[in-house]
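# Structural characterization, general
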Amino acid sequence: MATQLVHSTIEDPKEVDEWFQKLQYSKEKVSRLHFYFHDKVSGKNQSAVEVAKASITKKSPTFFGLVNIFDDPLTEGPEPTSKLVGRAQGLYGSADQQELGLLVAMNLAFTTGKFNGSSLTVLGRNAALQPLREMPIIGGTGAFRLARGFVTAKTHLFNITAAIVEYHVVAVHY
């Protein structure tokens, strides 16, 4: 049985319309967030699964054509036992034949604190073996409605079964 981890921030259409009407008088806010992404591709508590691959994927040094779906924990610190702050849910596919370059589409769904129930949407290229990567924020929900900005990703740990990635977020929203 699944438990609801994210508190919904969805308002009825009338409340959303009132929020939108007041938007022209609102000031933009900038939120900076920091957390760790835990992607486990095998073993106990696996959080990412392969859902598709091309006929050439096994021969490709970059796993070209491989697609994974994930539901990864986001924590305050790099330890898997660190406090959970949300979930990263989405997919990544190997889209580069020259280096390990992933197309990432994910929602960062926050489950605690003032952003509980809100999410940010990230869509972009992740050159996973580069020391520091940047991906755009293309939207959000709840406190992050109409968000834009970027995330930076820095690998903390990478091995055959798991990756722990440090994320810094700069989100502009209302």
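Above this text you will find the structure in question.
This text gives an overview of the structure that appears in the document. (Residues numbered from 1 in each chain as written. Predicted model: local features only at pLDDT ≥ 70, side-chain atom pairs only at ≥ 80, totals over all residues. Heavy atoms only, no water.)

## Notes on unusual backbone geometry
Worth spelling out the cut-off: Only DSSP runs of H or I reaching four residues or more are called helices, and only runs of E reaching two or more are called strands; each is numbered from the N terminus. The rule is simple: take the accessible area with a 1.4 Å probe, protein chains only, and divide by the maximum for that residue type; under 20% is buried, over 50% is exposed, in between is partly exposed.
Positive phi is not limited to glycine here, since phenylalanine 63 has a value of about 60°. Among the structural elements, phenylalanine 63 can be located in the loop between strand E2 (48–52) and strand E3 (67–75). Given the relative accessible area of 46%, phenylalanine 63 is considered partly exposed. The backbone phi angle of leucine 146 is positive, close to 60°, even though this residue is not glycine. Here leucine 146 shows up in the loop between strand E7 (133–141) and strand E8 (148–158). Taking relative accessible area as the criterion, leucine 146 reaches 44% and is therefore assigned partly exposed.

## Topic: the nonpolar core
We apply this condition: Among buried residues, the Ala, Val, Leu, Ile, Met, Phe, Trp, Tyr and Cys ones that are joined through side-chain atoms within 4.5 Å form a nonpolar core. Throughout, a residue-residue contact means that at least one pair of heavy atoms, one from each residue, lies within 4.5 Å.
By size, the foremost hydrophobic cluster in this structure holds 30 residues, and its most contacted members are Phe35, Met106, Leu108, Leu120 and Tyr167. Taken together, the elements giving at least two residues each to this core come down to strand E1 (29–40), E3, strand E4 (84–94), strand E5 (101–110), strand E6 (119–127), E7, E8 and strand E9 (162–173). Apart from the residues lying within four places of it in its own chain, the contact partners of tyrosine 167 are Leu33, His34, Phe35, Phe37, Met106, Met135, Val151, Thr152 and Ala153.

## Examining the pattern of salt bridges
Keep this limit in mind: Every case where a carboxyl oxygen of Asp or Glu lies within 4 Å of a side-chain nitrogen of Lys or Arg is listed as a salt bridge.
Throughout the structure, instances matching the rule amount to five salt bridges. Close ionic contact of arginine 125 with aspartate 96 constitutes a salt bridge, the shortest N to O distance being 2.5 Å. Taken as a pair, arginine 125 in strand E6 and aspartate 96 in the loop between E4 and E5 lie far apart in primary sequence, 29 residues in all. Accessibility expressed as a relative area gives 43% for arginine 125, which makes it partly exposed. A relative accessible area of 15% means that aspartate 96 is categorised as buried. As a salt-bridge pair, glutamate 99 and arginine 125 come within 3.1 Å of each other at their nearest N and O atoms. Of this pair, glutamate 99 sits in the loop between E4 and E5 while arginine 125 is found in strand E6, placing the two residues 26 residues apart along the sequence. What makes glutamate 99 partly exposed here is its relative accessible area of 29%. Connected through shared salt-bridge partners, Asp96, Glu99 and Arg125 make up one network.

The values reported here are purely geometric and, on their own, carry no functional implication.
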